[in-house]
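Take a look at the letters that make up each chain.
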Amino acid sequence: MPDQGRPSSGEQAKQHAIAQLRQAILQGDMAPAQRLVENELAERFEVTRASIRAALIDLEAQGLVERIRNRGSRVRVVTVEEAVAITECRMVLEGLCAAKTAATADDAQLDRLTALGTAMTKAVADGEPLTYSQLNQELHTRIQEFSGQRTAVALLDRLNGQLVRHRFQLALRPGRSQHSLVEHLAMIEAIRARDPEAAEAAVRAHLTSVIEALRG
């Protein structure tokens, strides 16, 4: 049944379609190269085709969707080399965020990061790579949030959306979680020590390892 409180067309409908499509792509519900059929999406999200078309244009600008000549739109396929290039950009931006967090985080924020490290350690010990992957992403998100660096966070939000499939594949690679855990605990330790340079270096070391894993 349509949501009577939400218009099926106009700017609100477009924003609703963008939010729903973006969530589906980021959660892996829509796979790379999957066709995005306007009629089907309009029915699914209870908006007009025009709203879906406008949403797809915005998501194309975000790097999540690509339009194929004479074939319509599909979820964008990100190659390994593109994933590496994106991760190199993340290295600079996330290093900045970690340094800022180390310099400004309060005790409650530091405790939150420590709790995430503890949960990540338990997930690895319990052999739960998908839980570990979710906690991993939450840790990165919290470090960015606590940094107060809104420009970097906005850029990272756009970049990270393009890496969903590669992140999922890395999470399931045997031994990857154990290796990654050590790197994340080093990041947390440097931030807790309120050492901006060490925090930035720890993030760069971690993402260098991610690049090696992507290429491996």
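Scroll up to find the structure this text is about.
Residues numbered from 1 in each chain as written. Predicted model: local features only at pLDDT ≥ 70, side-chain atom pairs only at ≥ 80, totals over all residues. Heavy atoms only, no water.

Attention now moves to the pairing of strand β2 (residues 65-68). Where β2 lies against strand β3 (residues 72-75), four bridges are found, and the strand directions are antiparallel. Opposite Val65, over in β3, you have Val75 as the bridge partner. Connecting the antiparallel pair β2 and β3 is a turn made up of three residues, with Asn70 showing a positive phi of about 65°. (Pairing = 2+ DSSP bridges. Helix = DSSP H or I, 4+ residues; strand = E, 2+ residues; numbered from the N terminus.)

Quick look at the pattern of salt bridges now. Following the criterion strictly, the structure yields 17 salt bridges and no others. Notably, a salt bridge pairs Glu66 with Arg74, separated by 2.6 Å at the nearest N-O pair. The buried category is assigned to Glu66, whose relative accessible area is 18%. A relative accessible area of 26% places Arg74 in the partly exposed class. Each of the salt bridges in this network shares a partner with another, and the network as a whole consists of Arg112, Glu138, Arg142 and Glu145. (Salt bridge = Lys/Arg side-chain N within 4 Å of Asp/Glu carboxyl O. Buried < 20%, exposed > 50% of the residue type's maximum accessible area, 1.4 Å probe, protein only.)

No statement about biological role is implied by the geometric values presented.
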